[in-house]
Amino acid sequence: MSGNRTFTMLKPDAVENGHIGGILEKITASGFKIVAMKYTQLSKRDAQEFYSVHKERPFYGDLVEFMTRGPIVAAILEKDNAVEDFRALIGATNPAEAADGTIRKLYATSIGENAVHGSDSDENAAIEGAFHFSGREIY
Ligand code: GDP
(Lines give C-alpha, C1' and ligand atoms only; values in the text may rest on other atoms or scores of the structure.)
Protein backbone atom coordinates (compact mmCIF):
# COMPACT_ATOMS: atom_id res chain seq x y z
CA MET A 1 0.00 0.00 0.00
CA SER A 2 1.31 3.45 -0.83
CA GLY A 3 1.96 5.90 1.98
CA ASN A 4 0.57 9.35 2.56
CA ARG A 5 3.73 11.38 3.19
CA THR A 6 6.56 12.66 1.05
CA PHE A 7 9.52 14.95 1.58
CA THR A 8 10.47 17.99 -0.50
CA MET A 9 13.12 20.66 -0.69
CA LEU A 10 12.79 23.94 -2.58
CA LYS A 11 16.37 24.07 -3.82
CA PRO A 12 18.75 27.08 -3.68
CA ASP A 13 17.93 28.14 -7.27
CA ALA A 14 14.20 28.35 -6.49
CA VAL A 15 14.89 30.41 -3.35
CA GLU A 16 17.37 32.72 -5.16
CA ASN A 17 14.91 33.29 -8.00
CA GLY A 18 12.04 34.25 -5.69
CA HIS A 19 9.89 31.19 -6.33
CA ILE A 20 9.15 30.02 -2.76
CA GLY A 21 5.65 31.50 -2.79
CA GLY A 22 4.76 30.29 -6.27
CA ILE A 23 5.91 26.75 -5.59
CA LEU A 24 4.19 26.48 -2.19
CA GLU A 25 0.98 27.79 -3.75
CA LYS A 26 1.17 25.11 -6.44
CA ILE A 27 1.84 22.41 -3.83
CA THR A 28 -1.08 23.34 -1.56
CA ALA A 29 -3.44 23.96 -4.51
CA SER A 30 -2.65 20.40 -5.62
CA GLY A 31 -4.02 18.98 -2.37
CA PHE A 32 -0.86 18.52 -0.31
CA LYS A 33 -0.97 19.51 3.35
CA ILE A 34 2.26 20.86 4.86
CA VAL A 35 2.89 18.93 8.09
CA ALA A 36 6.47 20.18 8.69
CA MET A 37 8.48 23.02 7.17
CA LYS A 38 11.74 24.93 7.73
CA TYR A 39 13.98 27.49 6.03
CA THR A 40 17.53 26.26 6.41
CA GLN A 41 20.88 25.75 4.65
CA LEU A 42 22.59 22.42 4.10
CA SER A 43 26.19 22.01 5.21
CA LYS A 44 28.57 20.22 2.84
CA ARG A 45 28.33 17.16 5.05
CA ASP A 46 24.51 17.27 5.02
CA ALA A 47 24.41 17.44 1.22
CA GLN A 48 27.01 14.67 0.82
CA GLU A 49 24.98 12.41 3.08
CA PHE A 50 21.60 13.33 1.61
CA TYR A 51 22.81 12.57 -1.94
CA SER A 52 25.21 9.72 -1.04
CA VAL A 53 23.36 7.38 -3.43
CA HIS A 54 24.82 9.53 -6.25
CA LYS A 55 28.40 9.66 -4.96
CA GLU A 56 29.86 7.74 -7.90
CA ARG A 57 28.06 9.92 -10.47
CA PRO A 58 30.06 12.55 -12.39
CA PHE A 59 27.72 15.34 -11.24
CA TYR A 60 28.00 14.57 -7.50
CA GLY A 61 30.51 17.35 -6.74
CA ASP A 62 28.46 19.95 -8.64
CA LEU A 63 25.28 18.73 -6.92
CA VAL A 64 26.79 19.11 -3.44
CA GLU A 65 28.17 22.54 -4.35
CA PHE A 66 24.79 23.67 -5.70
CA MET A 67 22.71 22.34 -2.82
CA THR A 68 24.90 24.12 -0.24
CA ARG A 69 25.25 27.50 -1.94
CA GLY A 70 22.23 29.10 -0.30
CA PRO A 71 19.16 28.45 1.83
CA ILE A 72 16.47 25.93 1.01
CA VAL A 73 12.94 25.24 2.22
CA ALA A 74 12.50 21.67 3.53
CA ALA A 75 9.03 20.25 4.11
CA ILE A 76 7.05 17.10 4.76
CA LEU A 77 3.83 16.90 2.74
CA GLU A 78 0.74 14.79 3.34
CA LYS A 79 -1.76 13.50 0.77
CA ASP A 80 -3.07 10.10 -0.31
CA ASN A 81 -0.47 8.50 -2.61
CA ALA A 82 1.90 11.35 -1.73
CA VAL A 83 5.18 10.12 -3.27
CA GLU A 84 3.77 9.28 -6.69
CA ASP A 85 1.45 12.29 -6.88
CA PHE A 86 4.24 14.67 -5.88
CA ARG A 87 6.66 13.22 -8.46
CA ALA A 88 3.95 13.83 -11.07
CA LEU A 89 3.49 17.40 -9.84
CA ILE A 90 7.23 18.23 -10.01
CA GLY A 91 7.85 16.60 -13.40
CA ALA A 92 10.95 15.06 -14.99
CA THR A 93 14.44 15.68 -13.56
CA ASN A 94 15.38 17.61 -16.71
CA PRO A 95 13.00 20.58 -17.09
CA ALA A 96 13.36 20.33 -20.87
CA GLU A 97 11.55 16.97 -20.58
CA ALA A 98 9.08 18.00 -17.87
CA ALA A 99 5.37 18.10 -18.75
CA ASP A 100 3.57 21.43 -19.09
CA GLY A 101 2.24 22.74 -15.78
CA THR A 102 4.73 20.82 -13.64
CA ILE A 103 6.81 22.70 -11.08
CA ARG A 104 10.07 21.94 -12.85
CA LYS A 105 8.65 23.06 -16.20
CA LEU A 106 7.55 26.32 -14.60
CA TYR A 107 10.49 27.05 -12.33
CA ALA A 108 13.60 24.93 -13.08
CA THR A 109 16.43 26.19 -15.25
CA SER A 110 18.52 23.06 -15.91
CA ILE A 111 18.84 19.35 -15.08
CA GLY A 112 21.09 20.25 -12.15
CA GLU A 113 19.31 23.37 -10.94
CA ASN A 114 15.82 21.96 -11.07
CA ALA A 115 14.02 23.90 -8.33
CA VAL A 116 12.60 21.06 -6.23
CA HIS A 117 13.35 17.68 -4.71
CA GLY A 118 10.71 15.00 -4.24
CA SER A 119 11.27 11.62 -2.56
CA ASP A 120 11.23 8.64 -4.93
CA SER A 121 9.76 6.02 -2.54
CA ASP A 122 7.87 5.77 0.74
CA GLU A 123 11.01 4.39 2.37
CA ASN A 124 13.13 7.34 1.22
CA ALA A 125 10.37 9.81 2.15
CA ALA A 126 10.59 8.54 5.75
CA ILE A 127 14.41 8.60 5.78
CA GLU A 128 14.62 12.08 4.23
CA GLY A 129 11.91 13.52 6.49
CA ALA A 130 13.73 12.19 9.55
CA PHE A 131 17.00 13.67 8.24
CA HIS A 132 15.51 17.18 8.55
CA PHE A 133 12.80 16.99 11.22
CA SER A 134 12.38 15.57 14.70
CA GLY A 135 9.03 14.06 15.68
CA ARG A 136 8.04 17.19 17.59
CA GLU A 137 8.49 19.38 14.48
CA ILE A 138 5.87 17.39 12.54
CA TYR A 139 2.24 18.50 13.00
P1 GDP B 1 15.32 13.42 -9.14
O2 GDP B 1 14.85 12.24 -8.32
O3 GDP B 1 14.36 13.77 -10.26
O4 GDP B 1 15.68 14.63 -8.30
O5 GDP B 1 16.65 12.97 -9.89
P6 GDP B 1 17.91 12.08 -9.43
O7 GDP B 1 17.62 11.37 -8.13
O8 GDP B 1 18.31 11.27 -10.61
O9 GDP B 1 19.04 13.16 -9.20
C10 GDP B 1 19.12 13.92 -8.02
C11 GDP B 1 19.48 15.34 -8.37
O12 GDP B 1 20.80 15.36 -8.93
C13 GDP B 1 18.61 15.98 -9.46
O14 GDP B 1 17.38 16.49 -8.98
C15 GDP B 1 19.52 17.08 -9.98
O16 GDP B 1 19.54 18.21 -9.10
C17 GDP B 1 20.88 16.39 -9.92
N18 GDP B 1 21.21 15.77 -11.21
C19 GDP B 1 20.69 14.64 -11.76
N20 GDP B 1 21.22 14.37 -12.97
C21 GDP B 1 22.12 15.38 -13.19
C22 GDP B 1 23.02 15.68 -14.27
O23 GDP B 1 23.10 14.97 -15.27
N24 GDP B 1 23.79 16.80 -14.12
C25 GDP B 1 23.74 17.61 -13.01
N26 GDP B 1 24.53 18.68 -12.94
N27 GDP B 1 22.91 17.35 -11.97
C28 GDP B 1 22.11 16.26 -12.06
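The rules behind the values
- Residues numbered from 1 in each chain as written.
- Predicted model: local features only at pLDDT ≥ 70, side-chain atom pairs only at ≥ 80, totals over all residues.
- Heavy atoms only, no water.
- Pairing = 2+ DSSP bridges.
- Helix = DSSP H or I, 4+ residues; strand = E, 2+ residues; numbered from the N terminus.
- Axes fitted to C-alpha atoms, helices over the stretch in contact; angles between N-to-C directions.
- Buried < 20%, exposed > 50% of the residue type's maximum accessible area, 1.4 Å probe, protein only.
- Arc of directions from axis to C-beta.
- Contact = heavy atoms within 4.5 Å.
- Near = heavy atom within 4 Å.
- Polar contact = N/O pair within 3.5 Å; in protein donor to acceptor, adjacent residues only side chain to side chain.
- Areas by Shrake-Rupley, 256 points an atom, 1.4 Å probe, with all protein chains shown as cover.

Concerning the sheet that holds strand E1 (residues 5–10)
Then step 1. In spatial order, the strands read E2-E3-E1-E4; together these four strands make up an open sheet with antiparallel pairing. The open sheet has two free edges, formed respectively by strand E2 (33–40) and strand E4 (116–118), since each of these has just one partner strand. Direction aside, the axes of adjacent strands within the sheet are offset by 15° on average.
Then step 2. Relative to E4, E1 runs antiparallel, the two being bridged by three bridges. In the strand pairing of E4, Met9 is matched with His117.

Points about helix H4 (residues 60–67)
Then step 1. Listing the buried residues of H4 in full gives Tyr60, Leu63, Val64, Phe66 and Met67. Buried residues along H4 cover an arc of 165° about the axis, so they all sit on one side. Summarising the geometry of H4, the exposed residues directed more than 90 degrees from the buried face are Asp62 and Glu65.
Then step 2. Its buried side turned inward, H4 meets E1, helix H1 (12–16), helix H3 (44–50) and strand E3 (72–78).

Examining the site of the ligand
Then step 1. In the vicinity of the ligand, the residues found are Lys11, His54, Phe59, Leu63, Arg87, Thr93, Arg104, Ile111, Gly112 and Asn114.
Then step 2. Between an oxygen atom of the ligand and a side-chain N or O atom of His54, the distance comes to 3.1 Å.
Then step 3. At 2.6 Å, a side-chain N or O of Thr93 approaches an oxygen atom of the ligand.
Then step 4. Coverage of the ligand by the protein chains reaches 78% of its 550 Å² of free accessible surface.

Some words on the side chain of Glu128
Then step 1. Looking at the element boundaries, Glu128 is found in helix H7 (residues 122–132).
Then step 2. Once residues within four sequence positions are removed from consideration, Glu128 is found in contact with Phe7, Phe50, His117 and Ser119.

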